[in-house]
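This is what each chain is made of:
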Amino acid sequence: MPSNNGPRHGKGKPSNKSHNLKRKRADEDLSSLVQRVEDLDLKESYKSFSDLPLSEPTTSGLSSSHYKTLTDIQSRAISHALKGRDILGAAKTGSGKTLAFLVPVLENLYRKQWAEYDGLGALILSPTRELAIQIFEVLRKVGRYHNFSAGLVIGGKSLREEQERLGRMNILVCTPGRMLQHLDQTALFDTNNLQMLVMDEADRIMDMGFQKTVDAIVGHLPQERQTLLFSATQTKKVSDLARLSLQDPEYVAVHQAASSATPATLQQHYVVIPLPQKLDVLWSFIRSNLKSKTIVFLSSGKQVRFVYESFRHMQPGIPLMHLHGRQKQGGRLDITTKFSQAKNAVLFSTDIAARGLDFPAVDWVIQLDCPEDADTYIHRVGRTARYERDGRAVLFLDPSEEKGMLQRLEQKKVQVERINIKANKQQSVKNQLQNMCFKDPELKYLGQKAFISYVKSVYVQKDKEIFDVKALKLEDLAHSMGLPGAPRIKFIKGEDTKERKNAPRASAYMSSDDESGEEGEEKAAKKKEEPKVRTKYDRMFERQNQDVLADHYSKIINDEGTMVDTKKSKGGDSDDEDDFLSVKRRFTAGDEDLDMGSSDEDEEEKEEADKKDLKTVQIDGRDPLVVDSKRREKLLKSKKKLLKFKGKGTKLVYDDEGNAHELYEMEDEDQFKARGDAKDQQAQFLAEETQRTRQADMEDKAVDKQKRREKKEKRKQRERELLAEEEADEREAQLAPFEGGDDYDGGDYSQSETEEPAPRPSKKQKVRVQEPDDKSEEDEPWYKKSKRPAAKEPAQIQTLEDLESLATGLLG
């Protein structure tokens, strides 16, 4: 067998000289890179990535992704971040903030020679899933030549699959909620070696919606780390910065001295449109811009779905898409991808797409609903005019929102110009929406939910100078959406409730009294003279679709399918015409509340009561209730008010045997000692309990003795009845042969048809209670009927031989 020690195929053993040379060269490059970073001048402005001290893998990734020149935020932020300083970065939308924190993340981990077994090195937080996906895609392109492992952790995916791979990741891009879930539930996930924490759209993450989540995440992270915060509208609150443990942060605001907070290439306009006309104007705009790429922002997901479904049925001639938080993760990703690739399309979206998302070549940004503040406006319009491209934005404002919103925008250095709409180009879609809502109950239901969600979005806003629910024409808005009437709103409670509750009761009847006068008669006469013409839509919306809609349909509209009129009279609202802001007024049943007010109607009721005989009703625990008015009569029909009139009762508890007694209360110690020594009280208590037990025992024995006596009497009575029945049967048997003759018909005792002798009655017969003569056998209840078979009718005696045979049978 040949030896294996010699060289194979004439080649010698490979030497390690080449590996040592590569390792030595890499160490030299790394040490030179570290030195270049230390020598970096922070005051100098850089224009291209090649001017910065970057590693070879990062430089190759940037060049292959066609990133060459630096933007303002990148030029100032990257140099500070490379030196390990904490940064607060603020720049306009579309200015390249993503690369401003991705490049330092790659470089800092590369200089520290971070490997797979070192664990998590950088954590990047994003407020939305779409933005997290976008950041991750840019990270993959720029860092393709690095050896780091990167992961995307967002909701909507399998938690177990993420847990298996999470421990091997060096860079994580995630949303706050999903990240906190892994920190709490994933055992092998370690963040003790974290080097960098990055927050994109930091003002949104530090907002109230993520406050508790961010605090919990920061609690899992080490204190010694580098923190980078980036946003178009940066937070400067000391409390927010203290929560993140920032150490002497560098505030980088490249556009702070600019005349406008938005890009210079963005044309910003606003139009003042009454609320009921917004859908008509939006439809007209889409029809006149079929070759454009547009994003339409609305307040809630229900509004997005309703507008999308209704416009899709009307087919405007351009692709329509919708994006909101209720969609599944896969569907949201498909929609963002399709809209990014489309040349001409309209995307209806909530504020989920307002921050950070980079949709290429967006021509228009339409804000159908007013944004909650100026920062939200800046982020919304930032979806267009990105990277110094042109873009246009239009803000739709109700007349009640114009003054306050313009002031907020002016404070943020946002300049908008008012434009008008050409009336000849405006189209109305009200009739089409009404027809669709009538034919499609599901679309009608979507419209009702969209209406409620819009009212709620306005009501919950903090800035009441801009958002005033009372100033909106909600009834007209419901008609413009194709609904028969404004749905009933249940969640609004506030000052109107208190005002109505504290209003004098007499004012509640003013409107009805006024109508009862001459004007009311004239109006009624006019209505009779001018009969209302019922149109097609009047008949259409009288139909009820309760059988095809959801169970909670009745909770959002009245029985008539419409909402009660929201208009208020000056004197106050009547009880039958409550608007959607009101709640039912509650009256207590006390004597003072029952006699409140001194209106004319009360005086009339008193006069009528004086003429009639007053009724008095006795109620336990209170004085007799005098029923002298209709209000008192209604009081008697209400159990709740009667309970209040009676007052509070005593609380009862039940013992183990089910007996009720009042609630025991602990006695005061001083009172207990005042009655005497504890031992004497104990002896007295035992004596009383012994006497009570003896008395109860005597009563129980007497009751038992009485029961036994009654039982014995019943038994004797049954025996006497049984004995009397036996004697009567024997007497009848002896007298039977002598009662009949040749003409005897239907006797009680005779032989059967087979002439067999009748069986003798048993001595142990069951006790039978005799019934009255007029009670037939059919009326006898089933439990009183005898279980013995019914006796056959005796045969009729025709001859003397029959009589002799009967007598022989009885005697034998």
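Residues numbered from 1 in each chain as written. Predicted model: local features only at pLDDT ≥ 70, side-chain atom pairs only at ≥ 80, totals over all residues. Heavy atoms only, no water.

As for the overall build of the chain
The number of helices and strands found in the chain is 29 helices and 18 strands. Relative to its full complement of 812 residues, the chain shows a buried share of 41%. Considering only contacts in the chain between residues 6 or more positions apart, those separated by 24 or more positions represent 74%. A total of about 51,500 Å² of accessible surface is found on the chain, and carbon and sulfur atoms cover 48% of it. (Helix = DSSP H or I, 4+ residues; strand = E, 2+ residues; numbered from the N terminus. Buried < 20%, exposed > 50% of the residue type's maximum accessible area, 1.4 Å probe, protein only. Contact = heavy atoms within 4.5 Å. Areas by Shrake-Rupley, 256 points an atom, 1.4 Å probe, with all protein chains shown as cover.)

What about the UniProt feature "short sequence motif: Q motif" (unreviewed entry) in the chain?
Taking the numbering used here, the UniProt-annotated feature "short sequence motif: Q motif" (unreviewed entry) corresponds to residues 47–75. Taken end to end, residues 47–75 is 45% helix and 0% strand, and its first and last C-alpha atoms sit 7 Å apart. (UniProt positions renumbered as here; feature names shortened; annotations may be inferred.)

Brief notes about the nonpolar core
Ranked by internal contacts, the top residues of the largest apolar core, which has 125 residues, are Ile171, Leu282, Phe311, Phe348, Tyr377 and Phe451. Residues from two domains meet in this core; each of domain 1 (25–253) and domain 2 (266–446) gives at least three. Core analysis: the next-biggest nonpolar cluster, separate from the first, contains 28 residues, Leu172, Met179, Leu194 and Leu246 among them. (Core = buried A, V, L, I, M, F, W, Y, C linked by side-chain atoms within 4.5 Å. Domains from an automatic or database assignment.)

Concerning the confidence of the model for the chain
Taken as a whole, the chain shows an average pLDDT of 78; of its residues, 72% reach a score of 70 or greater. pLDDT under 50 marks residues 1–12. Its contacts with residues more than four places away, or in other chains, come to 0 contacts. (pLDDT = per-residue confidence, 0-100.)

Observations regarding the pattern of salt bridges
In this structure the tally under the stated criterion is 17 salt bridges. Glu465 is the partner of Arg408 in a salt bridge, and the nearest nitrogen-oxygen pair spans 2.9 Å. Here the residue Arg408 occupies a position in helix H15 (residues 402–411), and Glu465 occupies one in the loop between helix H17 (441–459) and helix H18 (474–480), the gap between them amounting to 57 residues. Using a relative accessible area of 18% as the deciding quantity, one classes Arg408 as buried. Each of Glu201, Asp203 and Arg355 takes part in one network of salt bridges that share partners. (Salt bridge = Lys/Arg side-chain N within 4 Å of Asp/Glu carboxyl O.)

A closer look at the sheet that holds strand S13 (residues 391–397)
Spatially, 7 strands are ordered S10-S11-S9-S12-S13-S8-S14 in an open sheet, and the strand pairing comes out parallel. Of all strands in the sheet, those with a lone pairing partner are strand S10 (320–323) and strand S14 (417–418), marking the two edges. Pairing between strand S8 (residues 266–272) and S13: 7 bridges, direction parallel. Paired with Leu266 across the bridge in S13 is Gly391. Against the sheet, helix H12 (residues 301–314) touches S10 and strand S11 (345–349), its axis set at about 165° to S10. (Pairing = 2+ DSSP bridges. Axes fitted to C-alpha atoms, helices over the stretch in contact; angles between N-to-C directions.)

Some details on the sheet that holds strand S4 (residues 171–174)
Note on sheets: strands pair through backbone hydrogen bonds, and any given pair is parallel or antiparallel. As summarised here, the arrangement of the 7 strands in space is S3-S4-S2-S5-S6-S1-S7, forming an open sheet in which the pairing is parallel. In this open sheet, the two strands that pair with only one neighbour each are strand S3 (150–153) and strand S7 (250–253). Taken pair by pair, the neighbouring strands of this sheet meet at an average axis angle of 15°, ignoring direction.

Regarding the side chain of Thr98
Within the secondary structure, Thr98 is located in helix H4 (residues 97–111). Once residues within four sequence positions are removed from consideration, Thr98 is found in contact with Ile135 and Val138.

A few points about a positive patch on the surface
A cluster of basic side chains, namely Lys711, Lys712, Lys714, Arg715, Lys716, Arg718 and Arg720, defines a positive patch on the protein surface. Mapped onto the fold, Arg718 is located in helix H28 (residues 678–739). For Arg718, a relative accessible area of 43% gives the class partly exposed. (Patch = residues over 30% accessible without salt bridge, like charges linked within 9 Å, V, L, I, M, F, W, Y side chains within 5 Å. Lys, Arg positive; Asp, Glu negative; His and termini not counted. Charge placed at Lys NZ, Arg CZ, Asp CG, Glu CD.)

A short note on a negative patch on the surface
Taken together, Asp27, Glu28, Asp29 and Glu56 make up a surface patch of like negative charges. For the negative patch, the element with the highest residue contribution is helix H1 (residues 17–38), accounting for 3 residues. Relative to the helices and strands, Glu28 is located in helix H1. The class of Glu28 is partly exposed, set by a relative accessible area of 45%.

Some thoughts on the packing of helix H3 (residues 72–82) against H4
Where H3 contacts H4, the two axes come as close as 9 Å, and the packing angle between them is 25°. What the angle tells us is that H3 and H4 run roughly parallel. Here H3 runs over H4; the crossing is right-handed. Contacts between H3 and H4 involve Ile73, Gln74, Ala77, Ile78, Ala81 and Leu82 from the first element and Lys97, Leu99, Ala100, Val103, Pro104, Glu107, Asn108 and Arg111 from the second. Residues belonging to the contact of H3 with H4 are distributed by class as follows: 9 nonpolar, 2 polar and 3 charged. (Parallel < 35°, antiparallel > 145°, perpendicular 65-115°, else oblique. Left-handed = near helix turned anticlockwise from the far one by under 90°. Nonpolar A, V, L, I, M, F, W, Y, C, P; charged D, E, K, R; others polar.)

What about the packing of helix H2 (residues 56–64) against H4?
One can describe the packing of H2 onto H4 by two numbers: an axis separation of 10 Å at closest approach and a directional angle of 150°. The orientation of H2 relative to H4 falls into the category roughly antiparallel. Contacts between H2 and H4 involve Pro57, Thr58 and Leu62 on the former and, on the latter, Leu99, Val103, Leu106, Glu107 and Tyr110. A per-class count over the contact of H2 with H4 returns 6 nonpolar, 1 polar and 1 charged.

A look at unusual backbone geometry
Negative phi is the rule for most residues except glycine; trans is the rule for most peptide bonds. One non-glycine residue, Gln315, adopts positive backbone phi at about 55°. Assignment of secondary structure puts Gln315 in the loop between H12 and S10. A positive phi is found at Lys413, a non-glycine position, where the angle reads about 60°. Relative to the assigned elements, Lys413 resides in the loop between H15 and S14.

A word on the packing of aromatic side chains
Any pair of aromatic rings gets described here by the distance separating the centres and the angle formed by the planes. Under the definition given, this model contains 5 aromatic pairs. Considering the side-chain rings of Phe101 and Phe230, the 5.7 Å spacing of their centres and the 45° angle between planes classify their relative orientation as tilted. You can see Phe101 sitting in helix H4 and its partner Phe230 sitting in strand S6 (residues 226–231), a full 129 residues away along the chain. By relative accessible area, Phe101 is classed as buried at 0%. Owing to a relative accessible area of 0%, Phe230 belongs among the buried residues under this scheme. Ring plane angle 85° and centroid distance 5.2 Å describe the contact between Phe339 and Phe359, whose orientation is recorded as edge-to-face. With Phe339 in helix H13 (residues 329–341) and Phe359 in the loop between S11 and strand S12 (364–367), this residue pair connects regions lying 20 residues apart in the sequence. Assessed through its relative accessible area of 0%, Phe339 is described here as buried. Put simply, the rings of Trp283, Phe311 and Phe348 touch in pairs and so form one group of aromatic residues. Looking at Lys293, its charged tip hangs above the ring of Phe339, at a distance of 4.9 Å from the centre. Taking the ring centre of Tyr459 as reference, the NZ or CZ of Lys464 above it sits at 5.1 Å. (Phe/Tyr/Trp six-rings, centres within 6.5 Å; stacked < 30°, edge-to-face > 60°. Lys NZ or Arg CZ within 6 Å of the ring centre and 35° of its normal.)

Focus on helix H5 (residues 129–142)
Residue pairs spaced three or four apart in an α-helix point in one direction, given the helix's 3.6 residues per turn. Taking 1.5 Å per residue, 14 residues should reach 20 Å; H5 reaches 20 Å between its end C-alpha atoms and fits that length. Inspection of H5 places Glu130, Leu131, Ala132, Ile133, Ile135, Phe136, Val138, Leu139 and Val142 among the buried residues, and these make up the whole buried set. Capping the start of H5 is the job of one residue whose side-chain oxygen sits 3.3 Å from the backbone nitrogen of Leu131: Thr128. (Expected span 1.5 Å × (residues − 1). Polar contact = N/O pair within 3.5 Å; in protein donor to acceptor, adjacent residues only side chain to side chain.)

Side note on the environment of Arg408
Measuring from C-alpha to C-alpha, the distance between Arg408 and Asp373 comes to 7.2 Å, with 35 residues separating the pair along the chain. Not counting chain neighbours up to four residues away, the residues in contact with Arg408 comprise Ala374, Asp463, Glu465 and Ile466. One polar contact links Arg408 to Asp463, side chain to side chain, over a distance of 2.8 Å.

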